[in-house]
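Here is how the chains run, residue by residue.
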Amino acid sequence: MYSDQFDIDTLNRRRITESMTHRDLPELSPLDIDEERNEKPWQKILNQIIKNRSQSMKSVPSVAILLVVGFYLILGYLTQLIEDDMPRVITKKDVQDNDIIFSEESAKVYLDQVLGDQPRVAGMEYHYEKTKDLKLLLDTIVQQATIPIKTDWQFVSGDYFLEFKIPHVNLYRNLSNIIAVLEGESGFYKNGTIGTSLLVNCHYDSVPFAIGASDNGVFCAVMLESLSKLSKRKHKLKHNIIFLFNGAEENPLQGSHGFLKHPWVQGVTNVVNLDAAGMNGKPAVFQVSDPRLISVYQSVVPKPNAQCFGEFLFKTGLIPSDTDFRIWRDFGDIHGLDIAFVKWGNVYHTRNDRPELILDGVIQNSGNMLLNLVKELADIEDLENKISPTQVVYFDYLNLFLLTYSISVAQIVDILIGLCAIITVLYYLWIVGYRLSSVLDLLSSLLGRVVSAASGLLATVLLVLIMAITTKQLRYLSKPWLVVPLYWMPFFIVSFLASINYEATSRKCALNRSLHTLQAMASTRLLLGVLLIILSIFPSLTSLRYVISVPLFVMSVGAMVSMTVVKYCRLKAWQHLIMEIILSVPCTMFIISLSLRLDAIMLPTAGRLPTKYPDYIVGGLNLILAVLFSTAVSGIELLLSRRRLWLPIVLLSSVCVVFMFTPTSVYDDLATQRHYWFHTETITYDKNGSAINYKSGILITKQDAYTLTTVLPALQHAGISVHNVTDIASDCERYVYCNMPLYRPRRDVLFLYTDPPATFEPEPSLTATRSCSDNTCTLSCVMTGPQHNTLTFFPLYGVNLTRWSFSSPLEVTDQFQNRNIYVITEATCTYSKILAPMEFTLTFNVTKQQQTEPLVEISHHAHKIHHPEEFTEEYKKFINAMPKYFNIASTLSVRSNYMF
């Protein structure tokens, strides 16, 4: 195909000349033909085009591939810098008393006061102390305000059915929420309710054994500073703004549900929900249910950060987390924006979520965003009324601008972009001539694109399988850049070689290198255009299609430029290569930006997935991203020479092999290994109340690929010998949830037999009295336990649970042995020295013969989730024997199995 032989060139010239003469020129008389010296201008242009097409080109030396790879690596680094760019920090000196300007320095003062120096676990004494401090902070802001602010410390109890991974009743008692309302023109009513209001929500509680600086202290501090600034305005905004500091999000999602019982909620029309699944970077909009709010965000936020693929990740369960946005949407019919920090996901819910790791400018950027957003939202008349939840497509380009449009518009846009891509293919065919041979050559090139990508995919998949078996997985936790040599580069190397080989052995066509490159690019756009049109048929993929349509649109625009230049100008191969690289920059930077954001979410997530081979998930994701990137540069390899090609290929391959198979550490100071340990005892009672089974020890659940394989070697290294089991099949066959202090099935566990935890005060207990009438029996139950408890109800065969005293509807959580399981999680969310027992009733439908027999098996799991002061010396010895990279969240637990 790249032959410089005279006979092929001559044949090519004749074919193109003949084709172009018949197609583009008016029919000439013999006299016209004889007057070649007197050519018209359009004839000269045509002759030059014909000459350009057929003339052989000197290829770019193969070593240039190293420069191309280096360029795109630098481009990736620059894209990362753009993603991480933060505004200048505003200090107190920069702000006058009446300026409505956010100051990071002031917000950090609030942050220190919100956080304190310990975890703020709902129900614990320190949580209660920080709740009082937060109320005092708000009262101080009220005293300095020029616009009225009303505050409230809400105490509330309730329950609801949470349909998440393991659906269950989520019950809370004596929950604390701290609320401040900045009065707007809509104001307050005499009956205690308020006018139209915008809700802004954060949570000030934290998970055990984590300070929770980012999750969610930063946004609480940002809300305090924003309230302080807005309260000093001269004029009221149109709508009230409710600043909700909810006290029990981590329980999970109890504080937000509790607020729905407050009279002020009746005026809420929209919500801005603030949370974190990481630290640093720009907070990302990742869920939108009211398009009006994303439109305002689009207009007022100078550096928008929003990608709607986040909604897809949440809906599919790829991200094992949730936010209060679910409660506002599903239980309050309140819609708006869900915004969260997502970078540095390795620190999420670990000891590293501490304030000193927050980078300068992060709080300033978040404050600028929130202050401008809520100020504008609360002053728009259009937000007076609620609207039905509406899905929209939204995405930003490198934090420079944001595009958003409706689902119906998205379908039209995607189809039009697909058609535009096909039009660029027709333009290419017009350049080379509408002939059957041109179409066949194009289809052959399309097949070559598919074969090249498939070859790269297959080879990389094989390498991923080999690496997962022979080397350490999860190495990207501490070194995220490793995805490039582990997944991206092998794909590109094999695809490159497959493309070169295919073009050298496939159908010959009469095109020089430039036109041959354009042909490959046209076939790629044809493939993507058809694919996009097909995907437009499926509404469920609407929030993902822009990942293809945006690059395809940019590629199509660049292709029109490229093809026009090649048509009218004679370019050397190196000139054409540089032009294509430059034209690819907008498209490749968008794809790199998407890749950086997706990997920022999914790489740390792989570190908390209890799967054997997390690298399969991460490798698969990055292969998809690499394929998408390859479409933006597809074809430029045809401008390179095959001479000495092995030199750069061997060099790049060697680098990849070194990174693939050189042992490196998986964890470090920031990328810790997550551990959830339960120091537990389990007691099983028969129907007479006699204990018939007992065991105690430390239950360790699998959190990543290596959780269960790192504990025993650490104990052996410390000289600790302990009886342990990993096979719990017998318990899983007999007991609900394998007789573990959990309410979800976990078979991948390690159990170390030890002495029991320290005695609980008060001692966990569950009593029940029975009363029967006709075919109905009612159990009146009293449960005593710590601040956090779980109950599982397991009716016996022939017994149906028909009613209970909880306000939630009677819903089945799961089934086991063809019997229904019902799960209740309970939390007392505000500290009290004396915990009141919980009383409830269960009503069963039973036959007369069964009324004297046991009706139900009930398991009571009593949990102390943050009581390090109650660790036994033996348990402390086990913890201290673990490596520093362990991040251990310890729960003291007693599971009691009853039969009533």
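Here is what the cut-offs are and how they apply
- Residues numbered from 1 in each chain as written.
- Predicted model: local features only at pLDDT ≥ 70, side-chain atom pairs only at ≥ 80, totals over all residues.
- Heavy atoms only, no water.
- UniProt positions renumbered as here; feature names shortened; annotations may be inferred.
- Helix = DSSP H or I, 4+ residues; strand = E, 2+ residues; numbered from the N terminus.
- Salt bridge = Lys/Arg side-chain N within 4 Å of Asp/Glu carboxyl O.
- Buried < 20%, exposed > 50% of the residue type's maximum accessible area, 1.4 Å probe, protein only.
- Axes fitted to C-alpha atoms, helices over the stretch in contact; angles between N-to-C directions.
- Parallel < 35°, antiparallel > 145°, perpendicular 65-115°, else oblique.
- Left-handed = near helix turned anticlockwise from the far one by under 90°.
- Contact = heavy atoms within 4.5 Å.
- Expected span 1.5 Å × (residues − 1).
- Core = buried A, V, L, I, M, F, W, Y, C linked by side-chain atoms within 4.5 Å.
- Pairing = 2+ DSSP bridges.
- Disulfide = S-S within 2.5 Å.

Asks: Help me understand the UniProt feature "domain: Endoplasmic reticulum metallopeptidase 1-like C-terminal" (unreviewed entry) in the protein chain, please; the structure alone is not making it clear to me.
Replies: Mapped onto the present numbering, the UniProt feature "domain: Endoplasmic reticulum metallopeptidase 1-like C-terminal" (unreviewed entry) falls on residues 671-898. With 11% helix and 46% strand, the stretch residues 671-898 has end C-alpha atoms that lie 41 Å from each other.

Asks: Please explain the UniProt feature "domain: Peptidase M28" (unreviewed entry) in the protein chain as it appears in this structure.
Replies: Feature annotation in UniProt places "domain: Peptidase M28" (unreviewed entry) on residues 177-373, given in this structure's numbering. The span residues 177-373 is 29% helical and 21% strand by assignment, and the distance between its end C-alpha atoms comes to 23 Å.

Asks: Just to check I follow, could you spell out the pattern of salt bridges for this structure?
Replies: As a working rule, side chains carrying opposite charge can pair if their charged atoms are close by. The final tally for this structure, using the stated rule, is 27 salt bridges. Between Glu 356 and Arg 354 there is a salt bridge whose closest N-O contact spans 2.8 Å. Given a relative accessible area of 55%, Glu 356 falls into the exposed group. A residue is classified by how much of its surface remains accessible, and Arg 354, at 26% relative accessible area, is partly exposed. Put simply, Glu 857 and Arg 819 hold a salt bridge, and the shortest N to O gap is 3.5 Å. Taken together, the residues Glu 857 in strand S21 (residues 856-864) and Arg 819 in strand S19 (residues 819-828) connect sequence positions 38 residues apart. Residue classification places Glu 857 among the buried positions, given a relative accessible area of 16%. Arg 819 sits in the buried class, given a relative accessible area of 7%. A network of salt bridges, in which partner residues are shared, links Glu 83, Asp 84, Lys 343, Asp 396 and Arg 597.

Asks: Where do I start with the packing of helix H15 (residues 483-505) against helix H20 (residues 646-661) in this structure?
Replies: When two helices pack together, their arrangement is given by the angle between their axes and by how far apart the axes lie. Where H15 meets H20, the closest approach of the two axes is 10 Å, and the angle between their N-to-C directions is 150°. Here H20 runs roughly antiparallel to H15, going by the angle between their axes. Considering how the two elements wind past one another, H15 and H20 form a crossing that is left-handed. Every residue of H20 that contacts H15 at Pro 485, Leu 486, Met 489, Pro 490, Ile 493, Phe 496 and Leu 497 is listed here: Ile 649, Leu 652, Ser 653, Cys 656, Phe 659 and Met 660.

Asks: What is the right way to read helix H19 (residues 614-633) from this model?
Replies: The periodicity of an α-helix, 3.6 residues per turn, causes residues three or four positions apart to be oriented the same way. In a regular helix each residue adds 1.5 Å, so 20 residues correspond to 28 Å; H19 covers 29 Å between its end C-alpha atoms and thus fits that length. Taking burial as the measure, the 20 residues of H19 include 15 buried ones, the bulk of the element. At the exit of H19 stands Gly 635, carrying a positive phi of roughly 105°.

Asks: Hey, could you run me through the nonpolar core in this one?
Replies: Soluble, globular proteins show a tendency: their nonpolar side chains are buried together. Residues Phe 243, Phe 245, Tyr 297, Leu 373 and Tyr 546 are the most contacted members of the largest nonpolar core, which totals 154 residues. Among the elements that line this core, the one with the most residues is helix H18 (residues 573-606), at 15 residues. Not counting residues within four places of it along the chain, the set of residues in contact with Tyr 546 comprises Gln 307, Cys 308, Phe 309, Val 393, Tyr 394, Phe 395, Tyr 405, Pro 551, Phe 590 and Leu 594.

Asks: Can you help me understand the environment of Gly 267 in this one?
Replies: Checked against the element boundaries, Gly 267 lands in the loop between helix H8 (255-259) and strand S5 (268-276). Judged by its relative accessible area of 8%, Gly 267 is buried. Gly 267 has contacts with Ile 194, Gly 195, Thr 196 and Ser 197, leaving out every residue within four places of it along the chain.

Asks: What's the story with the pairing of strand S22 (residues 886-899) in this structure? I'm lost.
Replies: On a regular strand, each side chain points to the face opposite its neighbour's, so the side chains alternate between the two faces of the sheet. Burial analysis of S22 places 13 of its 14 residues in the buried class, which makes it a mostly covered element. Two strands pair when backbone bridges link them, and strand S10 (residues 673-685) and S22 are joined in this way by twelve bridges, in the parallel orientation. Pairing of Glu 681 across the sheet is with Val 894, part of S22. With eight bridges joining them, S21 and S22 adopt antiparallel strand pairing.

Asks: Teacher, can you tell me more about the state of the cysteines here?
Replies: Covalent bonding between the sulfur atoms of two cysteines defines a disulfide. Taken as a whole and assessed by the stated rule, the structure comprises three disulfides. Each sulfur of the disulfide joining Cys 202 and Cys 220 lies 2.3 Å from the other. Here Cys 202 and Cys 220 share a disulfide; its torsion about the S-S bond, 110°, makes the bridge right-handed. One end of the pair, Cys 202, is in strand S3 (residues 197-203); the other, Cys 220, is in helix H7 (residues 213-230), with 18 residues separating them in the sequence. The exposure classification of Cys 202 matches that of Cys 220, with both residues buried. With a sulfur-sulfur separation of 2.0 Å, Cys 772 is cross-linked through a disulfide to Cys 777. The disulfide joining Cys 772 to Cys 777 has a torsion of about 105° about its S-S bond and is therefore right-handed. Residue class for Cys 777 comes out buried when judged on its relative accessible area of 0%. Along the protein chain, the cysteines engaged in disulfide bonds are linked according to the scheme 1-2, 3-4, 5-6 when indexed in sequence order. Summary of cysteine pairing: Cys 781 is not part of a disulfide, and the nearest cysteine sulfur, belonging to Cys 777, is at 13 Å.

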